[in-house]
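Spelled out, the chains give:
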Amino acid sequence: MYDTIVNFLRKCIFYVLSVGPIPNHIAFIMDGNRRYTKRWNLMQGAGHKVGYSALMSMLKYCYELGVRYVTIYAFSIDNFKRTPEEVQSLMDLMLDKIEELLKEESIVNRYGIRVYFSGNLKLLSEPVRLAAERAMLATAKNSKAVLSICVAYTSTNEILHAVQESCEEKWDEITLLNSSGGYEPDENVNLIKLTDIEKHMYMAFAPDPDIIIRTSGETRLSNFLLWQSANCYLYSPSVLWPEIGFRQFLWVILNFQRIQVYLDKKRKQV
Ligand SMILES: CC(C)=CCC/C(C)=C/CC/C(C)=C/COP(=O)(O)OP(=O)(O)O
């Protein structure tokens, strides 16, 4: 009964919010899981499990509100530098939760979400990589919304990968033209363009994020979506990731709407 009332009230609030601008893409840096474990004297890894439940709530709020793209920073390339036990425990959690995401009653299937894994997936252990590939294949026909899970990811690695791919592509193109005698030394044709690099980004399938939310009061981007965040808002609520809830979500959306309305007014005045 309590849940029904809460769900009803949330839907009413979302209905009112939908009169204003709704972000198309929200990205999360889920900071503070280990600190939560320490603060509450829990067993090692427990904070990440609570963090996963918090993530499920955030996904539910986003998709109910009509946000089409959600991206999460689940494991950075730098996280491989943690102790082998911690890396293993995070990978075990990842494997377990990917299986959970694929269950019939999961949020992914309830909301028709397509799952992408973005990052240098070759760095993952085989079981995790195969599970990630399975999840992408199993959800490939879902079209209502997108969840992008950044694993073995850093922005600098993404940019390097995109530049390398673009160079290789251009090199192949020029070699082919050269061999058929059609090569012209025209720098407008031969130089790599922004669009060449963008199409090789791990995140090429998604528009740039409108909002990045990083918990624990941290305001750094920590090598996350650097290329894509030129015009996005950064919010850093002081709560640890496992503590994030509806209140913080609502606050972020209201602020986003306030700024968008102000910018629209300003644009009209010009
Ligand atoms: C399949 C799927 C979607 C899984 C995601 C599971 C999940 C919640 C992963 C969080 C990973 C992570 C390294 C968070 C940062 O907290 P931290 O460990 O750096 O904690 P700290 O900031 O307190 O040091």
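Please refer to the structure higher up on the page.
What counts and how
What you see as residue numbers is a count from 1 along each chain, following the sequence as written. Only residues with pLDDT of at least 70 get local features here, since the model is predicted, and only at 80 or more are side-chain atom pairs given and counted; chain-wide, interface and lining totals rely on the full set of residues. Side-chain figures throughout are based on the complete set of non-hydrogen atoms in the structure, without hydrogens or water. A run of H or I in DSSP becomes a helix once it reaches four residues, and a run of E becomes a strand once it reaches two; helices and strands are each numbered from the N terminus. Relative accessibility thresholds used throughout: buried, under 20% of the residue-type maximum; exposed, over 50%; partly exposed, between the two (1.4 Å probe, protein chains only). Note that accessible areas follow from Shrake-Rupley with a 1.4 Å probe, and for residues the cover is restricted to the protein chains shown. His residues and chain termini do not enter the charge count, which takes Lys and Arg as positive and Asp and Glu as negative. In plain terms, the charge of a residue is placed at NZ if it is Lys, CZ if Arg, CG if Asp and CD if Glu. The length a helix should cover is 1.5 Å for every residue beyond the first. Any residue with a non-hydrogen atom lying within 4 Å of a molecule or strand is treated as near it. Polar contacts, as used here, are pairs of N or O atoms within 3.5 Å; protein pairs need one atom able to donate a hydrogen and one able to accept it. Residues neighboring in sequence count only if both atoms are side-chain atoms. Classes in brief: Ala, Val, Leu, Ile, Met, Phe, Trp, Tyr, Cys and Pro nonpolar; Asp, Glu, Lys and Arg charged; the others, Gly included, polar. Here, a salt bridge means any side-chain nitrogen of Lys or Arg that lies within 4 Å of a carboxyl oxygen of Asp or Glu. Only when DSSP finds a minimum of two bridges between them are two strands counted as paired. Only the stretch in contact is used when fitting a helix axis, every axis being a line fitted to C-alpha atoms; angles between N-to-C directions are given from 0 to 180 degrees. Whether two residues are in contact is decided by their heavy atoms: any pair within 4.5 Å suffices. Nine residue types can take part in a nonpolar core, namely buried Ala, Val, Leu, Ile, Met, Phe, Trp, Tyr and Cys, and a core is a set of them joined through side-chain atoms within 4.5 Å. Each angle receives one of four descriptions, namely roughly parallel if under 35 degrees, roughly antiparallel if over 145, roughly perpendicular if within 65 to 115, and oblique otherwise. Should the near helix be turned counterclockwise from the far one by less than a right angle, the crossing is left-handed, whereas a clockwise turn marks it as right-handed.

S.K.: When you look at the overall build of the chain in this model, what are you seeing that I'm missing?
M.R.: Within the chain one finds 10 helices and 6 strands. Principal-axis analysis of the C-alpha atoms places the extent of the chain at approximately 75 × 55 × 35 Å. Expressed as a percentage of its 270 residues, the buried residues of the chain come to 46%. Looking at the chain as shown, the accessible area adds up to about 15,300 Å², and 57% of this sits on carbon and sulfur atoms. For the chain, the separation between the mean place of its 31 positive charges and that of its 30 negative charges on side chains is 10 Å.

S.K.: Hey, could you run me through helix 7 (residues 155-179) in this one?
M.R.: Given 3.6 residues per helical turn, the α-helix brings residues three or four places apart onto the same face. Taking 1.5 Å of rise per residue, 25 residues should cover 36 Å, and helix 7 covers 36 Å from first to last C-alpha, within 8% of that figure. Listed as buried for helix 7 are Ser155, Asn157, Glu158, Ala162, Ser166, Lys170 and Ile174. Just downstream of helix 7 lies Gly181, where phi reads positive at about 75°.

S.K.: Whenever I open this one, the site of the ligand confuses me. Can you help?
M.R.: Surveying the vicinity of the ligand reveals 18 residues, the closest of which are Asp31, Arg34, Arg35, His48 and Arg82. At 2.9 Å from an oxygen atom of the ligand is found a main-chain nitrogen or oxygen belonging to Gly32. With respect to the ligand, the side chain of Asn33 contributes an N or O atom lying 3.0 Å from an oxygen atom. Burial of the ligand by the surrounding chains reaches 94%, relative to a free accessible area of 640 Å². Among the elements of the structure, helix 2 (33-39), helix 3 (46-65), strand 2 (69-76) and helix 4 (84-101) are those that each provide at least two residues to the shell around the ligand. Looking at the shell around the ligand element by element, the count peaks at 4 residues for helix 3. By residue class, the composition of the shell around the ligand is 8 nonpolar, 5 polar and 5 charged.

S.K.: Sorry if this is basic, but what is going on with the pattern of salt bridges here?
M.R.: If the charged atoms of two oppositely charged side chains come close together, the side chains can form a pair. If you walk through the whole model with that rule in mind, you get 16 salt bridges. Measuring nitrogen to oxygen at the nearest pair gives 2.6 Å for the salt bridge that ties Glu99 to Arg134. Taken together, the residues span a long stretch of sequence, with Glu99 in helix 4 and Arg134 in helix 6 (residues 126-138) at a distance of 35 residues. On the accessibility criterion, Glu99 (36% relative accessible area) is partly exposed. Residue class for Arg134 comes out partly exposed when judged on its relative accessible area of 42%. Each of Asp31, Arg35, Arg214, Glu218 and Arg220 takes part in a single network of salt bridges with overlapping partners.

S.K.: Explanation requested: the sheet that holds strand 6 (residues 233-235) in the structure shown.
M.R.: Across a sheet, strands are paired by hydrogen bonds formed along the backbone, either parallel or antiparallel in direction. Read from one edge to the other, the open sheet built from 6 strands follows the order 3-4-2-1-5-6, with strand pairing classed as parallel. Looking along the sheet, the strands with just one partner apiece sit at the ends: strand 3 (113-118) and strand 6. Strand-to-strand twist in this sheet, taken as the mean axis angle between neighbours without regard to direction, amounts to 20°. Taken together, the 6 bridges between strand 3 and strand 4 (residues 145-153) define a ladder with parallel strand orientation. In the sheet register, Arg114 faces strand 4, and the bridge partner there is Val146. Strand contacts of helix 10 (residues 246-269): strand 1 (25-29), strand 5 (211-214) and strand 6, with the helix running at about 150° to strand 6, the strand carrying the most contacts.

S.K.: Is there a simple way to explain the pairing of strand 1 in this structure?
M.R.: Both faces of the sheet carry side chains from a regular strand, because those side chains alternate between them. Summarising burial for strand 1: 5 of the 5 residues are buried, a large majority. Here strand 1 shows two buried faces, one formed by His25, Ala27 and Ile29 and the other by Ile26 and Phe28. Across 4 bridges, strand 1 lies against strand 5 in parallel orientation. Bridge pairing in strand 5 places Phe28 opposite Ile213.

S.K.: Any chance you could explain the nonpolar core here in plain terms?
M.R.: Within soluble globular proteins, side chains that are nonpolar tend to cluster in buried spots. Within the largest apolar cluster, 53 residues are counted, with the highest numbers of intra-cluster contacts made by Ile26, Phe28, Val70, Phe117 and Phe249. Counting residues per element, this core draws most heavily on helix 3, at 10 residues. For Phe249, the residues in contact, after removing those within four places along its chain, are Phe14, Ile26, Met58, Tyr61, Cys62 and Leu65. Ala27, Tyr73, Cys150 and Cys232 belong to the second largest nonpolar core, which has 15 residues in total.

S.K.: Mind showing me how you'd approach the packing of helix 1 (residues 2-17) against helix 3 here?
M.R.: Any two packed helices are characterised by the angle at which their axes cross and by the distance between the axes. As a packed pair, helix 1 and helix 3 sit with axes 10 Å apart at the nearest point and diverge in direction by 50°. In terms of their interaxial angle, helix 1 and helix 3 are classed as oblique. In this structure, helix 1 crosses over helix 3, and the sense of that crossing is right-handed. Of helix 3, the residues touching helix 1 (which contributes Arg10, Lys11, Phe14 and Leu17) are Lys60, Tyr61, Glu64 and Leu65. Looking at the contact of helix 1 with helix 3 residue by residue, the classes come out as 4 nonpolar, no polar and 4 charged.

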